[in-house]
Amino acid sequence: MAVSRRAAPAALAAYVLHRHDWSESSLILELWTRERGRIAAVAKGAKRPHSQLRSVLLPFQRLQIVLGGRAERRDEAAPPEIHLLRSAEWAGALPDGRGVAAMPSGAALLAGFHLNELLMRALQRHDPHPRLFDAYALTLPALDRDDEAATAAALRAFELVLLRESGVLPELGRVTQTQQPVEPRARHGLHAERGVTPIDGAGGLSGATLHALEAALAAGDLAALRQACRGALPALRTLLRGLLHYHLDTSMLRTRALMVEIQKLTEPSTPP
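A quick note: this is a predicted structure, and the numbers were derived from the prediction, not measured. Along each chain, residues carry numbers from 1 onward, in the same order as the chain's sequence is written. Totals for whole chains, interfaces and linings use every residue, but because this is a predicted model, local features are given only for residues with pLDDT of at least 70 and side-chain atom pairs only at 80 or more, for both listing and counting. Side-chain descriptors were evaluated using all non-hydrogen atoms of the structure, hydrogens and water having been removed beforehand.

**Description of the environment of alanine 111**
Next, step 1: A helix here means a DSSP run of H or I that spans at least four residues, while a strand means a run of E at least two residues long, and both kinds are numbered starting from the N terminus. With respect to the helices and strands, alanine 111 occurs in helix H1 (residues 106-122).
Next, step 2: Of the residues examined, alanine 111 reaches a relative accessible area of 0% and is grouped as buried.
Next, step 3: Contacts are assigned to residue pairs that have any heavy atoms within 4.5 Å of one another. Setting aside anything within four residues of it in sequence, one finds alanine 111 in contact with Leu143, Thr151 and Leu155. Exposed residues in this analysis have more than 50% of their type's maximum accessible area, buried residues have under 20%, and partly exposed residues fall in between, with area computed by a 1.4 Å probe over protein chains only.

**Concerning the environment of methionine 120**
Next, step 1: With respect to the secondary-structure elements, methionine 120 resides in helix H1.
Next, step 2: Separated by 88 residues in the primary sequence, methionine 120 and tryptophan 32 place their C-alpha atoms 9.1 Å from one another.
Next, step 3: The residues touching methionine 120, leaving out its near neighbours within four places in the chain, are Leu17, His18, Glu30 and Arg38.

**Some thoughts on the confidence of the model for the protein**
Next, step 1: Looking at any residue, its pLDDT shows the predictor's confidence there, from 0 to 100. Chain-level pLDDT for the protein is 85 on average; 80% of the residues reach the 70-or-more range.
Next, step 2: Model confidence for the protein, summarised as mean pLDDT per element, is weakest for helix H7 (residues 254-265) at 48 and strongest for helix H4 (residues 207-219) at 98.
Next, step 3: Note on residues 260-269: pLDDT under 50 across the span, and six contacts to partners over four residues away in sequence or across chains.

**Some thoughts on the sheet that holds strand S6 (residues 187-191)**
Next, step 1: Following DSSP output, two strands are said to pair if at least two bridges run between them. Within the open sheet, the three strands sit side by side as S7-S6-S8. Their pairing is antiparallel. Only two strands of the sheet have a single partner each, and these edge strands are strand S7 (195-199) and strand S8 (205-206).
Next, step 2: Across two bridges, S6 lies against S8 in antiparallel orientation. Residue pairing in the sheet places arginine 187 in a bridge with serine 206 of S8.

**A look at empty space enclosed by the protein**
Next, step 1: Every definition here rests on a 1 Å grid over the protein atoms only: cavities are sets of points where a 1.4 Å probe fits but cannot get out, pockets are open sets enclosed by protein on both sides within 12 Å along at least five of seven lines, and lining residues have some atom within 4 Å of a point. Grid points are joined across faces, edges and corners, and a volume is the space filled by probe spheres set on the points. Tallying each qualifying case throughout the model produces two cavities of 30 Å³ or more.
Next, step 2: In this structure, the second largest cavity occupies an estimated 30 Å³ of space.
Next, step 3: Forming the walls of the second largest cavity are Ala122, Leu123, His129, Leu132, Leu162, Glu165 and Ser166.
Next, step 4: Under the convention adopted here, Pro, Cys and the residues Ala, Val, Leu, Ile, Met, Phe, Trp and Tyr are nonpolar, Asp, Glu, Lys and Arg are charged, and Gly plus all remaining residues are polar. Among the residues making up the lining of the second largest cavity, the classes are represented as four nonpolar, two polar and one charged.

**Some remarks on the packing of aromatic side chains**
Next, step 1: Ring geometry is summarised as follows: Phe, Tyr and Trp rings, the Trp one being its six-membered ring, pair when their centres sit within 6.5 Å, and such pairs are stacked at plane angles under 30 degrees, edge-to-face over 60 and tilted between the two. Within the structure shown, the criterion is met by six aromatic pairs.
Next, step 2: Ring geometry for tyrosine 15 and phenylalanine 133: centres 5.4 Å apart, planes at 50°, overall tilted. Of this pair, tyrosine 15 sits in strand S1 (residues 12-21) while phenylalanine 133 sits in helix H2 (residues 130-139); the two residues are 118 residues apart in sequence, bridging distant segments of the chain.
Next, step 3: Judged by relative accessible area, tyrosine 15 falls into the buried class, the value being 1%.
Next, step 4: In textbook terms, an aromatic cluster arises when at least three aromatic residues are bridged by ring pairs, as seen for Tyr15, Trp32, Phe133, Tyr136 and Phe158.

**Quick look at helix H6 (residues 233-248)**
For the α-helix, the turn length of 3.6 residues means that residues three or four positions removed from each other point alike.
Next, step 1: The end-to-end C-alpha distance of H6 is 21 Å, a good match for the 22 Å that 16 residues give at a rise of 1.5 Å each.
Next, step 2: Among all positions in H6, only Leu233, Leu236, Leu239, Leu240, Leu243, Leu244 and Leu248 are buried. Buried residues in H6, looked at end-on, bunch into an arc of 135°, giving them a common side. Across H6 from its buried face, at more than 90 degrees, point the exposed residues Pro234 and Thr238.
Next, step 3: Contacts from the buried residues of H6 go to H1, helix H3 (148-165), S6, S8, H4 and helix H5 (222-230).
Next, step 4: Aspartate 249 sits one or two residues past H6 and shows a positive phi near 50°. Helix span, as expected, comes to 1.5 Å for every residue beyond the first. The arc in question is the one spanned by the directions pointing from the helix axis to the C-beta atoms.

**Let's talk about the packing of H2 against H3**
When two helices pack together, their arrangement is given by the angle between their axes and by how far apart the axes lie.
Next, step 1: Note on geometry: axes are lines fitted to C-alpha atoms, helical ones only across the stretch in contact, with angles between N-to-C directions running from 0 to 180 degrees. Look at H2 against H3: their axes get within 10 Å of each other, and the N-to-C directions meet at 175°. One way to sum up the angle between H2 and H3 is to call them roughly antiparallel. Each of Arg131, Leu132, Ala135, Tyr136 and Thr139 in H2 lies in contact with H3, whose residues at this interface are Ala154, Phe158, Val161, Leu162 and Glu165. An angle counts as roughly parallel when it lies under 35 degrees, as roughly antiparallel when it exceeds 145, as roughly perpendicular when it falls between 65 and 115, and as oblique in every other case.

**Here's the deal with the pattern of salt bridges**
Next, step 1: The term salt bridge refers to a side-chain nitrogen of Lys or Arg lying within 4 Å of a carboxyl oxygen of Asp or Glu. What the rule picks out here adds up to nine salt bridges.
Next, step 2: The salt bridge involving arginine 125 is made with glutamate 30; its shortest N-O contact spans 2.9 Å. Residue arginine 125 is located in the loop between H1 and H2, and its partner glutamate 30 is located in strand S2 (residues 27-33); the two are separated by 95 residues in the primary sequence.
Next, step 3: In this structure, the salt-bridge partner of arginine 164 is glutamate 214, at a minimum N-O distance of 2.9 Å. Taken together, the residues span a long stretch of sequence, with arginine 164 in helix H3 and glutamate 214 in helix H4 at a distance of 50 residues.
Next, step 4: A relative accessible area of 22% places arginine 164 in the partly exposed class.
Next, step 5: The exposure class assigned to glutamate 214 is buried, which follows from its relative accessible area of 14%.
Next, step 6: Residues joined in a network through salt bridges with shared partners are Glu30, Arg38 and Arg125.

In structure tokens, the structure reads:
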């Protein structure tokens, strides 16, 4: 009689969003996987000096991971469902074909942690969003410590994709209440409850910008979305902050609070 064998667990594309101590030698990880969404996992022995996981389980690095079964909870603070991390290794090339990503620094590092905090608030466990995962992977190498405008445009573009994938971003090319196309030269606001609304005078976004943003979102063209964002960064930052605060309660993001403190000591620089 033939003995059936269980198939080996499939490797998952993943990023580390957050990590904290689980014991003297182990870590609990918040992993974001392309195939299975956000997952909590314990990396046993990862803090030991000679552990192969020690230098791998870093933020902003694309990984290939293999999960085992569920781990036993040791305290009430641990997530209710924790998987065992069986293995993790660098995934190699970035989505744009370049090699292993360098760790960001300075403003780019804060921008990266801003992305991770947004995802921790927005994503439910075991709810995959492949398009958002790919946008994140392409956004990380676009964070440039020497180009504040490029970093800000990358952040705004990612926030738009996040809101669209979450189902809370209205169609930007139409006035929400009337469903009429926005006028290219008219100015419009973007509100959490009323959607796209015409406004009098200055402020808000032009209809032309809204059309460009919507076209890039619909096409899944992240480069075009960044370009459209770059022409309206101050207004977009204000409008998207309002949407994120309403839908995700981002008023207490640690990266934003840290940036405010840094601003008090240095020249203004506010990508997040």
